[in-house]
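For reference, the chains in residue letters:
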Amino acid sequence: MTSCILLTGGAGFIGSHTHIALTAAGHKVVILDDFSNAQHSVPARLEQITGQPVTVIDADVRDADALAKVFATHTIDAVVHFAARKAVGESMAVPLDYFDVNINGLITLLRAMDRAGCRRLVFSSSATVYGVPDEAPTPETAPFRAMNPYGQTKITGEQMLGWLQASNPEWAVGVLRYFNPAGAHGSALIGEDPRDIPNNLMPYVAKVALGQLPRVMVFGNDYDTPDGTGVRDYIHVEDLARGHVLSLEKLLSTGQGHVVNLGTGRGYSVLEVIAAYQRASNRDLPHVITDRRPGDVPIYVARADKAAEVLGFRTEKGLDEMCASLWKWVSNMADGA
Ligand code: UD1
């Protein structure tokens, strides 16, 4: 069945890939984005990839009037809410900005949805809600542990959504806890914006391969992991996007909410990522071991069986494909695409 889905933050990294996946699955999509962390070129690129016109509303998710207008103009069946701030370090410096965008933004959206009678929502959460988990792979039943204001906003968001569903069974929310999104679309037309100096490993490694940064700093090699470096569950952004389609379709067909991890269930160390990227780019990647980064966790790996059971979700792309697609995208951008 064709549905009309509103994507807040739909021009961003995960949102834009989800737009493509939803369109391919036959859904209509409306994007609401304020382009605070997205390129203005994204909608045209989405048109190029999907071959269909893209509807974009340039507005902040905290703008209640803009949201009311969206729901008055379009018959929205469900919302995928990506619009949020997501940098851990920045959230420590400006927590109120994070509470404002991530919490007030969510409340503003939920009020607009409630008024319009649209009560199907997919919420972008994060493995960060587990803080330093006691077990890896980490199941969805692991306790919440806020380590920083960003993580707090995801925990608070999930809890608010739980209470909302308890208050009115017409609400159905799919909470998706992402592990480490990586890679780019196979077309090399969209991906994570590589312009700033990245904090995260994958985009940083990409800049080193391009010769734009001198070397990768490996943050510690004395963790209790097979090679001593941090282990993460990297998930291809195209797999992640497909997870959103499955979550939405589940909400729309059953009216039942769910909370699931989206990861592969398999971890890779920093050194394994560097080696994989070296293979993908065919470039030498100088790297040095430095001190641990404060606040880092040794291992983050998803227990992936609940998403398989509840949504039928299984990842299809591995680390080599993540590195190859990222390399293709950043090379394309470096060539001025
Ligand atoms: C980080 C955030 C997390 C957020 C996620 C989004 C922190 C502490 N956590 O996760 O909340 O949801 O990004 O993708 O910021 N590393 C290096 N050198 C680098 C960069 C990273 O060795 O230059 C290592 C880290 O120590 C870690 C691994 O690479 O072991 C992955 O780091 P990163 O890509 O920053 O992701 P997370 O820290 O897992």
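Residues numbered from 1 in each chain as written. Predicted model: local features only at pLDDT ≥ 70, side-chain atom pairs only at ≥ 80, totals over all residues. Heavy atoms only, no water.

### Structural notes on the sheet that holds strand β3 (residues 55-58)
- One open sheet holds the seven strands; their spatial order is β3-β2-β1-β4-β5-β6-β11, and the pairing between them is parallel. Taken across any chain shown, the strands that pair with only one partner, and hence form the sheet edges, are β3 and β11 (258-262). Here the strands of the sheet are splayed against their neighbours by 20° on average, with no regard to which way each runs.
- Pairing analysis gives five bridges linking strand β6 (residues 172-178) to β11, with the strands arranged parallel. Bridge pairing in β11 links Arg177 to Asn261. (Pairing = 2+ DSSP bridges. Helix = DSSP H or I, 4+ residues; strand = E, 2+ residues; numbered from the N terminus. Axes fitted to C-alpha atoms, helices over the stretch in contact; angles between N-to-C directions.)

### Overview of the site of the ligand
- The ligand sits among 18 residues. The nearest are Leu201, Met217, Arg232, Arg293 and Asp296.
- One of the side-chain N or O atoms of Ser126 is found 3.4 Å from an oxygen atom in the ligand.
- Between the ligand and Arg232, the relevant distance is 2.4 Å, taken from an oxygen atom to a side-chain nitrogen or oxygen of the residue.
- Contact with the protein chains removes 86% of the 740 Å² of surface that the ligand exposes when unbound.
- Among the elements that line the shell around the ligand, the one with the most residues is strand β8 (residues 216-219), at three residues.
- Broken down by class, the residue content of the shell around the ligand amounts to nine nonpolar, six polar and three charged. (Near = heavy atom within 4 Å. Polar contact = N/O pair within 3.5 Å; in protein donor to acceptor, adjacent residues only side chain to side chain. Areas by Shrake-Rupley, 256 points an atom, 1.4 Å probe, with all protein chains shown as cover. Nonpolar A, V, L, I, M, F, W, Y, C, P; charged D, E, K, R; others polar.)

### Some points on the packing of helix α5 (residues 95-116) against helix α6 (residues 149-167)
- For the pair α5 and α6, the least separation of the axes is 9 Å and the interaxial angle reads 20°. With respect to α6, the axis of α5 lies roughly parallel. Of the two possible hands of crossing, α5 and α6 adopt the one that is right-handed. Facing Pro95, Tyr98, Phe99, Asn102, Ile103, Leu106, Ile107 and Leu110 of α5, the residues of α6 in contact are Pro149, Tyr150, Thr153, Thr156, Gly157, Met160, Leu161 and Leu164.
- A breakdown of the residues in the contact of α5 with α6 according to their chemical character gives 12 nonpolar, four polar and no charged. (Parallel < 35°, antiparallel > 145°, perpendicular 65-115°, else oblique. Left-handed = near helix turned anticlockwise from the far one by under 90°. Contact = heavy atoms within 4.5 Å.)

### Notes on a nonpolar patch on the surface
- Together, Met217, Phe219 and Val288 make up a nonpolar patch on the protein surface, roughly 210 Å² of accessible area in all.
- Relative to the helices and strands, Phe219 is located in strand β8. (Patch = residues over 30% accessible without salt bridge, like charges linked within 9 Å, V, L, I, M, F, W, Y side chains within 5 Å. Salt bridge = Lys/Arg side-chain N within 4 Å of Asp/Glu carboxyl O.)

### Focus: the sheet that holds strand β9 (residues 231-232)
- Strand order in the open sheet formed by three strands is β12-β9-β14, with mixed pairing between adjacent strands. Here the strands that pair on one side only, and so sit at the sheet edges, are β12 (268-269) and β14 (299-300).
- Pairing geometry for β9 and β12, over two bridges, is antiparallel. Paired with Val231 across the bridge in β12 is Ser269.

### Some points on the pattern of salt bridges
- Using the criterion set out here, one finds 14 salt bridges in the structure.
- Arg62 is paired through a salt bridge with Asp100; the nearest N and O atoms lie 2.7 Å apart. Taken together, the residues span a long stretch of sequence, with Arg62 in the loop between β3 and α3 (64-73) and Asp100 in helix α5 at a distance of 38 residues.
- For Arg62, a relative accessible area of 33% translates into the label partly exposed.
- Asp100 sits in the partly exposed class, given a relative accessible area of 29%.
- Between Arg119 and Glu170 there is a salt bridge whose closest N-O contact spans 2.7 Å. Of the two residues, Arg119 is situated in the loop between α5 and β5 (120-126) and Glu170 in the loop between α6 and β6; the sequence distance between them amounts to 51 residues.
- Residues joined in a network through salt bridges with shared partners are Asp60, Arg62 and Asp100. (Buried < 20%, exposed > 50% of the residue type's maximum accessible area, 1.4 Å probe, protein only.)

### Re the pairing of β5
- Across the seven residues of β5, six count as buried, placing the element largely inside the fold.
- Where strand β4 (residues 78-81) lies against β5, three bridges are found, and the strand directions are parallel. Looking at β5, one finds that Val79 is bridged to Leu121.
- Of the pairings in the sheet, the one linking β5 to β6 comprises seven bridges and is parallel in character. Pairing of Arg120 across the sheet is with Ala172, part of β6.

Treat this as a map of the structure, not an account of what it does.
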